Amino acid sequence: MSENVIYSINGPVVTVKDATDFSMLEMVYVGNKKLIGEVISITSHATTIQVYETTTGLKPGEPVYGTGQPISATLGPGILRNIFDGIERPLQEIANESGAFIPTGSNVSSLDETALWDVTLKVKVGDEIQGGDIYATCPETPLIEHRCMLLPTLSGKVIEVKPDGQYTINDVICKIEDEKGEVHELTLCQKWPIKDPRPVKERLPISIPLVTGQRVIDTLFPIAKGGTAAIPGGFGTGKTMTQHQLAKWCDADIIVYVGCGERGNEMTQVLEEFSELIDPKSNRPLTDRTVLIANTSNMPVAAREASIYTGVTLAEYYRDMGYHVAIMADSTSRWAEALREISGRLEEMPAEEGFPAYLPSRLSQFYERAGYMENLNGSTGSVSIIGAVSPQGSDFSEPVTQNTKRFVRCFWALDKSLAYARHYYAINWNESYSEYVTDLAKWYEKNVGDQFLKDRQELQALLAEETKLMEIVKLIGSDVLPDDQKLIIEISRIIRVGYLQQNAFHKDDTYVPLVKQMKMMEVILYLYHQARSALSEGKSISSVLETGLFDKVVKMKYDVPNDHIEMLDEYMPMIDDAIAHIQ
Ligand SMILES: Nc1ncnc2c1ncn2[C@@H]1O[C@H](COP(=O)(O)OP(=O)(O)O)[C@@H](O)[C@H]1O
Ligand SMILES: [Mg+2]
């Protein structure tokens, strides 16, 4: 029994006086209900605890128990298809147990302890195994094989192995003896502290894109497997929509979706849409490779802080198995607000806009956990992190956006005026960037064709030229422009409307394979080059426009279905023909 008792309570912050037996970042149980908390500061007379659950009803004098362990995630089969709160308590399970959405202090385990898994043992007695080695596998869902790996900190000789068969996550299926002669029992699961990155053998160079099927991203501002991206944008500019689209379509094996401080119904929407969407390769719903972490606006603030660490820990665990994992966090601004709230209650010295001085270091600790890695067991895998940022009033100069920008290499700036004009994706092509293009160049050349990057560059040059011309047009109108400049404006409209705009609700446009992206670029640029030579032969811009070619090309994204990409080849002769017939 601990004699430590609560001295004061201030929202999620609780103090204990004169305690000597707590350590920094230790997980503790607070009060009679055993609420989950974490030690966040210790002085000689007071220990401060952040409580991850609502502290309503908690009273001074109630006991506080140490656990001797940091806040950890339980890692094992049963994570996928699940929906957890910020400290990995299953929301569905909790609802079953007590009927309420989330009760406080409930002692539900993270993973189903009764489910039986079809386990295949991968080691035999006498084997020497190291941290990270896979000792058993089981199909977690029809899409994903779960690989049980020795805790990174352990190694030893296998002394006992159970036969293949059905086991629950807590059944001992294997025993090892370490160098000191100590015996360790291995089950299907393990614990890992959420704030510690899981160790790897080596960080590998970035070289493969995370293909999203979203043209403006794949073509202009690509993200890499193991890369980081931020989606800053004001309210209603399409952050959530972008995250949902990436979660549905990007070519990661596993999706971890963290809904952080945003509306609860958006999480329900993810659940519903994902169970309806069928993976074409396996005919299984996308939920089979997805895990959701929900700390919505109505849930305790402190758990919001934990939610992104929990999310990235789950992501690293699947990476260690050799999978490509993408984690979406919507929104990191709400997470930063949770930091600010806790910091305020601790009466820490605030920095910019009331955020604590450690905001940048916390952001960097999160994004640094992305990467393309060689794992301890020799497999390779990646964690890609995509964080939404919601700056007040679309003001990108605020601290969360600015600090995030320091740590991510893709910046997809959502633009309020584009969103107003219903130009979706509202990703501003002048302000956004990707620093991965050179890293990925070889991959594009080998897998899509060297034309891809050349076309991309030409597209970008045209858009930049248009931006310059529009400055002139704003001042003196477009009539004064020579025909070749008018052509740039017309072709840029095709690029903007026919290419960069992409309709998430259209059956073919919602996802566009890279080959189709390249062919679409080719058609647009072919039209541009043919029109330009028509002008140089003395034909007028209006006669070129009258061919109707521009209207036709702008609609090709809807007219050419994804399973008939070859139809795009018919556009070149059509363009030749129409231009040849100009009088
Ligand atoms: N790619 C897109 N295609 C179609 N509609 C979009 C697209 N992106 C955003 N929208 C529209 O914008 C609305 C608001 O987007 P949302 O992602 O909820 O904004 P935010 O999360 O930034 O507040 C969506 O409900 C949708 O109607
Ligand atoms: Mg949103």
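This is a predicted model, so every value here is computed, not measured.

The rules behind each value
- Residues numbered from 1 in each chain as written.
- Chains lettered and ligands numbered in written order.
- Predicted model: local features only at pLDDT ≥ 70, side-chain atom pairs only at ≥ 80, totals over all residues.
- Heavy atoms only, no water.
- Helix = DSSP H or I, 4+ residues; strand = E, 2+ residues; numbered from the N terminus.
- Rg over C-alpha atoms; globule rule 2.2 N^0.38 Å.
- Buried < 20%, exposed > 50% of the residue type's maximum accessible area, 1.4 Å probe, protein only.
- Contact = heavy atoms within 4.5 Å.
- Lys, Arg positive; Asp, Glu negative; His and termini not counted.
- Charge placed at Lys NZ, Arg CZ, Asp CG, Glu CD.
- Near = heavy atom within 4 Å.
- Polar contact = N/O pair within 3.5 Å; in protein donor to acceptor, adjacent residues only side chain to side chain.
- Areas by Shrake-Rupley, 256 points an atom, 1.4 Å probe, with all protein chains shown as cover.
- Nonpolar A, V, L, I, M, F, W, Y, C, P; charged D, E, K, R; others polar.
- Core = buried A, V, L, I, M, F, W, Y, C linked by side-chain atoms within 4.5 Å.
- Pairing = 2+ DSSP bridges.
- Axes fitted to C-alpha atoms, helices over the stretch in contact; angles between N-to-C directions.

*Asks:* Sorry if this is basic, but what is going on with the overall build of the chain here?
*Replies:* A count of helices and strands for the chain gives 17 helices and 28 strands. Since a compact globule built from 583 residues should have a radius of gyration of about 25 Å, the 27 Å found for the chain is in line with a globular shape. For the chain, the proportion of its 583 residues judged to be buried stands at 56%. For the chain, contacts bridging at least 24 residues in sequence account for 70% of all contacts bridging at least 6. Mean positive and mean negative side-chain charge positions of the chain (55 and 81 charges, respectively) differ by 2 Å.

*Asks:* So what exactly am I meant to see when it comes to the site of ligand 1 here?
*Replies:* Around ligand 1, the surrounding shell holds 14 residues, and the nearest of these are Gly236, Gly238, Lys239, Thr240 and Met241. Between ligand 1 and the protein, one listed contact pairs an oxygen atom with a backbone N or O atom of Gly238 at 3.0 Å. The protein chains hide 80% of the 570 Å² of surface that ligand 1 would expose on its own. Split into classes, the residues belonging to the shell around ligand 1 amount to six nonpolar, seven polar and one charged.

*Asks:* How do you make sense of the nonpolar core when you look at a structure like this?
*Replies:* Nonpolar side chains in soluble globular proteins generally cluster together in the buried interior. Of all hydrophobic cores here, the largest spans 89 residues; its most connected members are Ile386 and Trp412. Here this core gets twelve residues from one element, more than from any other, and that element is helix H13 (residues 514-536). Each residue touching Ile386, except ones within four places of it in the same chain, is listed here: Leu210, Ile223, Ala229, Ile231, Gln243, Leu246, Ile327, Met328, Ala329 and Trp412. Core analysis: the next-biggest nonpolar cluster, separate from the first, contains 78 residues, Ala115, Ile144, Ala302 and Met321 among them.

*Asks:* I tried to follow unusual backbone geometry on my own but got confused; where do I start?
*Replies:* Glycine aside, residues mostly have negative phi, and peptide bonds are mostly found in the trans state. Residue Asp330 is joined to Ser331 through a cis peptide bond whose omega torsion reads 5 degrees. In this structure, Ser331 sits in the loop between strand E24 (324-330) and helix H6 (332-345). Put simply, Tyr424 and Tyr425 share a cis peptide bond, and its omega is -10 degrees. Even without glycine at this site, Leu25 takes up a positive phi of about 60 degrees. Relative to the assigned elements, Leu25 resides in the loop between strand E2 (13-17) and strand E3 (26-30). For Glu88, which is not glycine, the phi torsion reads 60 degrees and is therefore positive. With respect to the element layout, Glu88 can be found in the loop between strand E8 (83-84) and helix H1 (91-98).

*Asks:* Looking at this structure, I do not really get the sheet that holds strand E14 (residues 165-167). What am I missing?
*Replies:* Within a sheet, neighbouring strands are paired by backbone hydrogen bonds and run either parallel or antiparallel to one another. Judged by pairing direction, the sheet is antiparallel, and its four strands sit side by side in the order E12-E11-E9-E14 without closing on themselves. In this open sheet, the two strands that pair with only one neighbour each are strand E12 (145-149) and E14. Between one strand and the next, the sheet's axes are offset by a mean angle of 40 degrees, whatever the strand orientation. Pairing of strand E9 (residues 117-121) with strand E11 (residues 134-139) involves two bridges; the strand directions are antiparallel. Within the sheet, the bridge partner assigned to Thr120 lies in E11 and is Thr137.

Function cannot be inferred from these measures alone, as they are strictly geometric.
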